[in-house]
Amino acid sequence: MNRTIEILDTTLRDGAQGEGISFSVQDKIAVTMALDELGIAWIEAGNPGSNPKDNEFFKLAKNFQLRNSTLCAFGATRKKGIRAEDDPQLISLLEADTKAVAIFGKSSAFHAKEVLKVSLEENLAMIAETIQFLVKEGRNVIYDAEHFFDGLAQKKEYALKTIKTACAAGAARIVLCDTNGGSFPSVITEGVTQARAVLSEDTILGIHAHNDCGLALACSIAALEAGASHVQGTLAGFGERCGNTALAALVPSLELKMDLRCLPEGHLKKISEISRRVVEIANCTISDDMPYIGSHAFSHKAGMHADAILKVASSFEHIKPELVGNDRHFLMSEQGGRSAIAE
């Protein structure tokens, strides 16, 4: 493997915002243990400032003995007009007692002025003071630059200034968010390139893509090719609106196609089973045609295909199904062909 890519799973936070998804505290614990077993580096486990359920989870999480994963709590920059140390939401993040904290702030001048109703200068102060406060309290800060790519298109210099501010304040990771999911891979490539040029060399750059154009997977890969080394998503791809980058489809591509290390050695073969476990906990299903882990991913119906597979597996399969813990299936039909059925 030529380099390591950090994987952050946000099933328990962004995934929980998907329609029909509601995790109990016990569900959240079960998902956490499954992701840790898989070897996910970071688990974004919820927003303790938003609801009592997440508060209870983080209290219990203090006693977890995770082997592979680091938990992080999620929240926003301080509210306008108050000091960071007086913001109840930031205090709740400290009380969650996680080593890392993910904080989102506005990179779009439009969103700062029209949604937060703050001046551009106040928005920068909110970013800087929040991160400085959390770093001073010993937290490893992951800064999510919300609406970064839209902000870059609308007011480039300001969008870049927000991430430079976050970096200068002490954020170890800057994650560029395609919050509306409307960007094409070429836009992601250009945005990552511009961000990389203004950040310190030791700052880890990341991508958080939504799937509203059906391009979250492609956008995440484009970001990694452009220099990012941290990627966020949900294991099965569910999340608000059209969902997030599906890590169960992304990680095998990175490891098997791009020679990038995402999971501990030997753990990739667990990804199908653990993905099904997480989806069952969420009370939903994996699409049969989901790449790598879907039940149809290695199914063959046409007689010519089945016959060829029996002779040379790579003739109609791009990887061996056992590499991701999946199975090959031959389907019986009028298209099956005599030789494959006889075999």
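Further up the page is the structure itself.
Residues numbered from 1 in each chain as written. Predicted model: local features only at pLDDT ≥ 70, side-chain atom pairs only at ≥ 80, totals over all residues. Heavy atoms only, no water.

(A) Geometry of the environment of Phe 57. Secondary-structure assignment places Phe 57 in helix H2 (residues 52–61). A relative accessible area of 0% means that Phe 57 is categorised as buried. For the pair Phe 57 and Ala 45, spaced twelve residues apart in the sequence, the C-alpha separation amounts to 8.5 Å. Sequence-distant contacts of Phe 57, defined by excluding residues within four places in its chain, comprise Val 25, Lys 28, Ile 29, Thr 32, Ala 45, Phe 64 and Leu 71. (Helix = DSSP H or I, 4+ residues; strand = E, 2+ residues; numbered from the N terminus. Buried < 20%, exposed > 50% of the residue type's maximum accessible area, 1.4 Å probe, protein only. Contact = heavy atoms within 4.5 Å.)

(B) Molecular detail of the pairing of strand E2 (residues 6–9). Taking every second residue as pointing to the same face, both faces of E2 are buried, with Glu 6 and Leu 8 on one and Ile 7 and Asp 9 on the other. Strand direction decides the pairing type here: E2 and strand E9 (residues 230–233), joined by four bridges, are parallel. Within E9, the residue paired with Leu 8 across the bridge is Gln 232. One ladder, built from two bridges, connects E2 with strand E3 (residues 42–44); its direction is parallel. Looking across to E3, one finds that Asp 9 is bridged to Ile 43. The parallel pair E2 and E3, bridged by helix H1 (residues 25–38), forms a crossover whose chirality is right-handed. (Pairing = 2+ DSSP bridges. Right-handed = clockwise from strand over helix to strand, strands pointing away.)

(C) Fine view of unusual backbone geometry. Even without being a glycine, Lys 117 presents a positive backbone phi close to 60°. Tracing the backbone through its elements, the reader meets Lys 117 in the loop between helix H4 (109–114) and helix H5 (120–136). Although it is not a glycine, Asp 259 adopts a positive phi angle of roughly 60°. Among the structural elements, Asp 259 can be located in the loop between helix H10 (247–257) and strand E10 (260–261).

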